[in-house]
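Commentary on secondary and tertiary structure
For reference, the chains in residue letters:
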Amino acid sequence: MNLEGLEMIAVLVVVVLFVKVLEQFGLLEASYDDSVEDELELSAVRHRPEGLEKLEAQTRFSRKELQILYRGFKNECPSGVVNEDTFKDIYSQFFPQGDASTYAHFLFNAFDTDHNGSVSFEDFVMGLSILLRGSVQEKLNWAFNLYDINKDGYITKEEMLDIMKAIYDMMGKCTYPILKEETPRQHVDMFFQKMDKNKDGVVTIDEFIDCCQNDENIMRSMQLFENVI
Amino acid sequence: MAAGVAAWLPLARAAAIGWMPVANCPMPIAPRDHSKRQDELIILNVSGRRFQTWRTTLDRYPDTLLGSSEKEFFYNEETKEYFFDRDPDAFRSVLNFYRTGKLHYPRYECISAYDEELAFFGIIPEIIGDCCYEEYKDRKRENAERLMDDQEENKDSKLPNMNFRETMWRAFENPHTSTMALVFYYVTGFFIAVSVITNVVETVPCGSTPNQKDVPCGERYTVAFFCMDTACVMIFTVEYLLRLFAAPSRYRFMRSVMSIIDVVAILPYYIGLVMTNNEDVSGAFVTLRVFRVFRIFKFSRHSQGLRILGYTLKSCASELGFLLFSLTMAIIIFATVMFYAEKGSSSSKFTSIPASFWYTIVTMTTLGYGDMVPKTIAGKIFGSICSLSGVLVIALPVPVIVSNFSRIYHQNQRADKRRAQKKARLARIRIAKTCSSNAYLQRKRNGLLSELLDLTTSEEEQQHLNKSTSLLESQHHHLLHCLEKTTAHEFIDEQMFEQNCVESALQSYPSRSPSLSSQEGFTGTCCSCRSRKSIPLPNSSMSTTHTHTQGLQELSALHIQCAEQQGHSSSRSSLNMQPNEVGRFNCRERQITTAIISIPSPPAPIPEGDGHGPPNPGPSISTTASSNIVKVSAL
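- Taking an unreviewed UniProt entry as the reference, chain B is identified by name as Potassium voltage-gated channel subfamily D member 3-like isoform X2 belonging to Chanos chanos.
- As its UniProt record puts it under Catalytic activity (unreviewed entry), chain B is described as follows: "K(+)(in) = K(+)(out)".

- In the annotation of an unreviewed UniProt entry, chain A is listed under the name Kv channel-interacting protein 4 and assigned to Chanos chanos.
- Looking at the Sequence similarities (unreviewed entry) heading of the UniProt record, one finds this comment for chain A: "Belongs to the recoverin family."

Here's what the structure looks like:
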């Protein structure tokens, strides 16, 4: 009985091996094809910007400035578009002490005006044009757009709290005075106290622009980065 | 249209004259070339090395950087050339692509650098010529494997919220994550070893009872072996059930090789329990005990070398299949030949062809047991041919398997080494990061001191402080300063932070320092003042160090550690003008609290909660500062 059982097993093993061998040859070509197809990766998304003349017309930069901007942009992202992860990486390098990824996410959404998940050179340059060469109204508009996370035209307290937390995250933990849990919330409350004139819990674009235009501090700081480029 | 043949388009168009006599309808209007430019030489300056080519060469591929208007972004008006700040060596192959239509991959080039260059110039790597494509793909695959290894290590880092099940699964897969996992790992390993050893020792003949000859230990100490077996199987069963519970995808887990081995290892025991009564199938039961040896495969979870071996065999499946196939062919051929050769001789052991299989296998693998030997001359001749060819057939696929194993093994070694070095690398990277943030803190102190120096009008010292920072650095620091102003908190370094934490823990009461009270009289320009009122300062010992400027300036208090002042002792000396004030400081733990008139920089561009009253413009500082005593002390 024992022998027969083991004999059976031995014969089974030999048969299985043979089948495997045949399999190798029978399906050899097919598996090879599959592997070749797997290796065909999709080439990375590439994007070429519109011509210099067109960009010159659309933005307030001169030709030379556009050239300089493009060189820097293309150096960092050879494929011509920035996706969110690359943007977060780049932005985080300026704030080594804290965690800049949340704020970078909001910034990315503010630059990515067509919401296609990537910032092309046109988006980049349009944003910069507004921020550096735009009128005060346009700059305030841009800031409002940044705070309005869901782009519905109102800044709610929750949206502002998210933004505020993201800003405080960039400070990291080694600050003086020590960051408390409720600091962002208090800051948001102060903000709403100032901006929300009709106390309806949201800040509209008109309230925002009105209030900022009446505040000398803010007005002065808007001119701060005129000569960045 | 294949861009390479663009140069022949004029010929094709000219030859279209041949259709004109035959055509019945009028021809469409030809497109006019508006820019009647002569073909001109373009100069491409790549990091100093000048390449020149015709414009039409570049225009052949209009969807790349050089072939489109994108290169205008890099045009330099003064020198009338296109300047690219890239690697000139890699650019050679890019330019050759335009010239010849074939892209080659230089072997000395690093694969990721080359990829970046191609991405920069807008060329897809798929058009690399056949001559270089294999090499390119191989290098890319190696690189991807290496990156994948790194990513897998990163995945091991603990995710913040993992439920119990996921924690358990991670503990099973990676024993180094927690102590419990390590304990579990060693316990199971121990029991696998115990189980295998008992299986082996069971069959050893131990001691003889006087009335019988040697009996195997298994029959002598049946109960003991049975208990050990039961214990091991229980452990294995529990382990299997736990793994089954924790697996993220139970169906996939049940199909995996390791779980099948687990099941096969413990099944014989349960089947044996069920079937002990029935004598007929006890024979099969004995056969089943053979499968207990599969428990040894459970060691592959514990040994990486075994896993590598298994993975190698799997990846060399085609070579192994070829080896087996060719061996089978050779065995059949030689067995047949030997059978017919030895048929004539008397009392030959070669009774049938299958019986000759044994001889053939033993001879081809050069074992040569000698239990079957050919006696006829023909048999001996064919026997020697058989053994010679056996060596060849086996030696051919083996190097492929060996090289595969070597590649995988070395990859594993590299991954282990990288993991070991990772800690050191991360530590170095962290140091570099803190250097940059420390640079900012350093600069802050320099900057604020230079403001003080403004008052004492020491120009040279101010320049001495400022010369070390480049424009980029100062802009970066300005950005950080704006962030500080927005959030009304300041960056400090880790040691200060820890000291502050310690002090705030020691403080039993939130004492308000006089600085706050003196701020009540300020028109707080920065919300820092406002928010500071609600935050108790941890260090209430900074007593009298404040300038009481009524409503004209902002105050920021900085803790400066003595150790970091060594470099500025020269500049500080001029500030130690009021030694009588030193005594009034409670300098605890070598801390210095300095009240410094901060720069009335405009608040950050992001609108703040309270812009309550404007900061006074600069000129008023000097007048008010002179009326205030700025107390700074340096130990």
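1. Describing the overall build of chain A
- For chain A, the count of helices and strands is twelve helices and five strands.
- Here chain A holds 229 residues, and 41% of them are scored as buried.
- Sequence separation of 24 or more characterises 58% of the internal contacts of chain A that already satisfy a separation of 6 or more.
- Entry remark: accessible area of chain A is about 12400 Å², with carbon and sulfur atoms responsible for 57%.

2. Description of the overall build of chain B
- When helices and strands are tallied, chain B shows 24 helices and seven strands.
- Across the 635 residues in chain B, those meeting the buried criterion constitute 39%.
- Expressed as a percentage of contacts within chain B between residues at least 6 apart in sequence, the contacts between residues at least 24 apart total 69%.
- Just so you have it, chain B exposes about 36100 Å², and 63% of that area is on carbon and sulfur atoms.

3. Quick word on the nonpolar core
- Residues A:F208, B:L44, B:L66, B:F84, B:F91, B:Y98 and B:F121 are the most contacted members of the largest nonpolar core, which totals 88 residues.
- Apart from residues lying up to four places away in sequence, B:L66 is in contact with B:L44, B:L58, B:K71, B:F84, B:F91, B:V94, B:Y98 and B:F121.

4. Some points on the UniProt feature "transmembrane region" (unreviewed entry) in chain B
Residues and elements named next belong to chain B.
- Per the UniProt record, "transmembrane region" (unreviewed entry) is annotated on residues 221-242, 254-275, 320-341, 353-369 and 381-402.
- With 95% helix and 0% strand, the stretch residues 254-275 has end C-alpha atoms that lie 26 Å from each other.
- Within residues 353-369, the helical portion is 71% and the strand portion 0%, while the C-alpha atoms at the span's ends are 18 Å from each other.

5. Some points on the pattern of salt bridges
- Here the structure, examined in full by the defined rule, presents 27 salt bridges over all chains.
- Note that A:E56 is salt-bridged to A:R63, the shortest N-O span being 3.8 Å.
- The class of A:R63 is partly exposed, set by a relative accessible area of 24%.
- B:E239 serves as the salt-bridge partner of B:R301, at 3.7 Å between the closest nitrogen and oxygen. Note that B:R301 is positioned in the loop between α12 (282-290) and α13 (304-315) and B:E239 in helix α9 (residues 222-246), a separation of 62 residues in sequence.
- You can call B:R301 buried: its relative accessible area is 17%.

6. Section: the UniProt feature "domain: EF-hand" (unreviewed entry) in chain A
- Per the UniProt annotation, the sites labelled "domain: EF-hand" (unreviewed entry) are residues 99-134, 135-170 and 183-218 of chain A.
- Along residues 183-218 of chain A the backbone is 69% helical and 8% strand, and the end-to-end C-alpha distance reaches 21 Å.

7. Re helix α7 (residues 121-133) of chain A
Residues and elements named next belong to chain A.
- Taking 1.5 Å per residue as the helical rise, α7 with its 13 residues ought to reach 18 Å, and the 17 Å between its terminal C-alpha atoms agrees with that figure.
- If you check which residues of α7 are buried, you get F121, E122, D123, V125, G127, L128, S129 and L132.
- Buried residues in α7 make contact with α3 (52-58), α4 (63-76), α6 (101-111), β2 (118-120) and α8 (136-147).

8. Observations regarding the packing of aromatic side chains
Residue and element names in this part refer to chain B.
- In total, this model carries 43 aromatic pairs over all chains according to the counting rule given.
- Taking 5.7 Å as the distance between ring centres and 75 degrees as the angle between the ring planes, the aromatic pair formed by Y61 and Y98 counts as edge-to-face. Highlighted residues: Y61 in the loop between α2 (55-59) and β3 (75-76) and Y98 in helix α3 (residues 88-100), separated in sequence by 37 residues.
- Taking the relative accessible area as the measure of exposure, Y98 reaches 0% and is therefore buried.
- Centre to centre, the rings of F91 and F121 are 5.2 Å apart; their planes meet at 55 degrees, and the pair counts as tilted.

9. Section: the pairing of strand β2 (residues 49-54) of chain B
Residues and elements named next belong to chain B.
- Both strand β1 (residues 41-46) and β2 contribute to a ladder of six bridges, which runs antiparallel. From the neighbouring strand, V46 faces β2, where its bridge partner is R49.
- Here β1 folds back onto β2 in antiparallel fashion, the turn holding two residues, of which S47 has a positive phi close to 50 degrees.

10. Details of the sheet that holds β3(B)
Residues and elements named next belong to chain B.
- In space, the four strands of this open sheet follow the order β2-β1-β4-β3, with mixed pairing throughout. In this open sheet, the two edge strands, each paired with only one partner strand, are β2 and β3.
- Across the sheet, α3 lies against β1 and β2, angled at about 5 degrees from β2, the strand it touches most.

11. What to know about the side chain of B:D229
Residue and element names in this part refer to chain B.
- When you line up the elements, D229 lands in helix α9.
- There is a polar contact of 3.4 Å between the side chain of D229 and the side chain of R292.
- When near neighbours in sequence (up to four residues on either side) are disregarded, D229 contacts Y269, R292 and R295.

12. Some remarks on the environment of B:L58
Residue and element names in this part refer to chain B.
- Relative to the assigned elements, L58 resides in helix α2.
- You can call L58 buried: its relative accessible area is 0%.
- When the C-alpha positions of L58 and L95 are compared, they lie 8.5 Å apart, and in sequence the two are 37 residues distant.
- Residues contacting L58, with those up to four places away along its chain left out, are I42, L44, T53, L66, G67, L95 and Y98.

13. Some points on a nonpolar patch on the surface
All names here are of chain B.
- On the surface, F226, L267, Y270, I271, L273 and V274 cluster together to form a nonpolar patch covering roughly 530 Å² of accessible area.
- Top contributing element to the nonpolar patch by residue count: helix α11 (residues 257-275), with five residues.
- Mapped onto the elements of the fold, L273 is located in helix α11.

14. Focus: the packing of α6(A) against helix α9 (residues 157-169) of chain A
Residue and element names in this part refer to chain A.
- At their nearest, the axes of α6 and α9 sit 7 Å apart, and the two run at 130 degrees to each other. In terms of their interaxial angle, α6 and α9 are classed as oblique. Between α6, through T102, Y103 and F106, and α9, the contact on the second element is made entirely by D162, I163, A166, I167 and D169.
- Within the contact of α6 with α9, the residues separate by chemical class into five nonpolar, one polar and two charged.

15. Let's talk about the pairing of strand β4 (residues 81-84) of chain B
Residues and elements named next belong to chain B.
- With three bridges joining them, β1 and β4 adopt parallel strand pairing. In the sheet register, V46 faces β4, and the bridge partner there is F84.
- Pairing of β3 with β4 involves two bridges; the strand directions are antiparallel. Bridge assignment links N76 to a residue of β4, and that residue is E81.
- Between β3 and β4, which pair antiparallel and follow one another directly, the connecting turn spans four residues, one of which, K80, has a positive phi of 55 degrees.

16. A look at unusual backbone geometry
- A cis amide bond links A:Y176 to the next residue, A:P177, at an omega of -10 degrees.
- The phi torsion at B:S347 lies on the positive side, around 45 degrees, for a residue other than glycine.
- Here B:S347 shows up in the loop between α14 (317-342) and α15 (353-364).
- With a phi close to 60 degrees, B:A488 is a non-glycine residue in the positive phi region.
- The topology assignment puts B:A488 in the loop between α19 (471-487) and β5 (490-491).

17. So, the confidence of the model for chain B
All names here are of chain B.
- Averaged over all residues, the pLDDT of chain B equals 73, while 69% of them reach at least 70.
- For chain B, the element scoring lowest by mean pLDDT is strand β6 (residues 555-561), at 37; α15 scores highest, at 93.
- Residue range residues 511-635 is modelled with pLDDT below 50. Its contacts to residues more than four positions away, or to other chains, number 243 contacts.
- Taken together, the chains of this predicted complex give a pTM of 0.57 and an interface ipTM of 0.79.

Analysis parameters
Residues numbered from 1 in each chain as written. Chains lettered and ligands numbered in written order. Predicted model: local features only at pLDDT ≥ 70, side-chain atom pairs only at ≥ 80, totals over all residues. Heavy atoms only, no water. UniProt positions renumbered as here; feature names shortened; annotations may be inferred. Helix = DSSP H or I, 4+ residues; strand = E, 2+ residues; numbered from the N terminus. Buried < 20%, exposed > 50% of the residue type's maximum accessible area, 1.4 Å probe, protein only. Contact = heavy atoms within 4.5 Å. Areas by Shrake-Rupley, 256 points an atom, 1.4 Å probe, with all protein chains shown as cover. Core = buried A, V, L, I, M, F, W, Y, C linked by side-chain atoms within 4.5 Å. Salt bridge = Lys/Arg side-chain N within 4 Å of Asp/Glu carboxyl O. Expected span 1.5 Å × (residues − 1). Phe/Tyr/Trp six-rings, centres within 6.5 Å; stacked < 30°, edge-to-face > 60°. Pairing = 2+ DSSP bridges. Axes fitted to C-alpha atoms, helices over the stretch in contact; angles between N-to-C directions. Polar contact = N/O pair within 3.5 Å; in protein donor to acceptor, adjacent residues only side chain to side chain. Patch = residues over 30% accessible without salt bridge, like charges linked within 9 Å, V, L, I, M, F, W, Y side chains within 5 Å. Parallel < 35°, antiparallel > 145°, perpendicular 65-115°, else oblique. Nonpolar A, V, L, I, M, F, W, Y, C, P; charged D, E, K, R; others polar. pLDDT = per-residue confidence, 0-100.

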